[in-house]
Amino acid sequence: MSKLHIKKGDTVIVLTGRDKGKKGTVQKVLVEDQRAIVEGINMVSKSMKPSAKNPQGGIVKQEAPIHISNLSLIDPKSGKATRVSIKHEGKNVIRISKKSGEEIK
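**Things to note about the layout of surface pockets**
Inference 1: Approximately 170 Å³ is the volume attributed to the largest pocket.
Inference 2: Lining the largest pocket we find Lys3, Leu4, Lys7, Ile86, His88, Val93 and Arg95.
Inference 3: Elements that contribute at least two residues to the lining of the largest pocket include exactly β9 (84-89) and β10 (92-97).
Inference 4: For the lining of the largest pocket, the residue count by class is 3 nonpolar, 1 polar and 3 charged.

Printed below as a string of C-alpha cells:
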C-alpha cells in the first residue's frame, strides 16, 4: 500500500462533495481505508443510546471519514490547495508544496 500525502494535524481543503471549499484540520488518518477524519467536515447525525459518557442519549453530530482523494493540503504561503512533492534527506522525509516550493510542516 502506498503512503499517503496527508498526516494528522495538516490543514486541508475539501475539493468535492457537499463540503466543497471548506477548510479543516485532520484529526485522524485511516490508512487502510485511505480516509481521514477532518474537524468540522462531513458531519453526520448519529443516534446514541444512553451511556455513562452520554446519560441523555439522543442524536449526536459527529465527523465521518472522507476519502483522501477529495482532500488537498493547503499551501503555507498562499493558503490555496497544492500538490505535494517528497524529498529525502538521509532518513528524513520532507514534504514540499508544488505551488510555492515551501516546506510543509
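**Describing the environment of Met48**
Inference 1: The topology assignment puts Met48 in strand β4 (residues 43-48).
Inference 2: Given a relative accessible area of 33%, Met48 falls into the partly exposed group.
Inference 3: Taking the C-alpha atoms as reference points, Met48 and Gly58, 10 residues apart in sequence, are found 5.3 Å from one another.
Inference 4: In this view, Met48 contacts Asn54, Gly57, Gly58 and Val60; residues no more than four positions away in its chain are not counted.

**Some thoughts on the environment of Ser51**
Inference 1: Its place among the elements puts Ser51 in the loop between β4 and β5 (58-63).
Inference 2: As for Ser51 and Lys87, which are separated by 36 residues in sequence, their C-alpha atoms are 48 Å apart.

**A look at the environment of Thr16**
Inference 1: Structurally, the position occupied by Thr16 is in the loop between β1 (11-14) and β2 (23-30).
Inference 2: With 53 residues separating them in the primary sequence, Thr16 and Ser69 have C-alpha atoms 9.1 Å apart.
Inference 3: Side-chain polar atoms of Thr16 contact the side chain of Asn70, separated by 2.9 Å.

Reading guide: rules and limits
Sequence order sets the numbering: in each chain, residues are counted from 1 along the sequence as written. A pLDDT threshold of at least 70 governs which residues receive local features in this predicted model, and a stricter bar of 80 or more applies before side-chain atom pairs are shown or counted, although totals over entire chains, interfaces and linings include all residues. Each side-chain value is derived from all of the structure's non-hydrogen atoms; neither hydrogens nor water enter the calculation. Only protein atoms enter the calculation, which uses a 1 Å grid: trapped sets of points that fit a 1.4 Å probe without letting it out are cavities, open sets showing protein on both sides within 12 Å along at least five of seven lines are pockets, and any residue with an atom within 4 Å of a point is a lining residue. Grid points are joined across faces, edges and corners, and a volume is the space filled by probe spheres set on the points. Helix and strand assignments follow DSSP, with helices taken as H or I runs no shorter than four residues and strands as E runs no shorter than two, numbered in order from the N terminus. In this classification, the charged set is Asp, Glu, Lys and Arg, the nonpolar set is Ala, Val, Leu, Ile, Met, Phe, Trp, Tyr, Cys and Pro, and all remaining amino acids, among them Gly, are polar. A simple rule labels every residue: compare its accessible area, found with a 1.4 Å probe on the protein chains alone, to the largest value its type can have, and call it buried under 20%, exposed over 50%, or partly exposed in between. In what follows, residue pairs with any heavy atoms lying within 4.5 Å of each other are defined as contacts. Think of a polar contact as two N or O atoms within 3.5 Å of one another; within protein, one of them needs to be a possible hydrogen donor and the other a possible acceptor, and neighboring residues in sequence only count if both atoms come from side chains.

No statement about biological role is implied by the geometric values presented.
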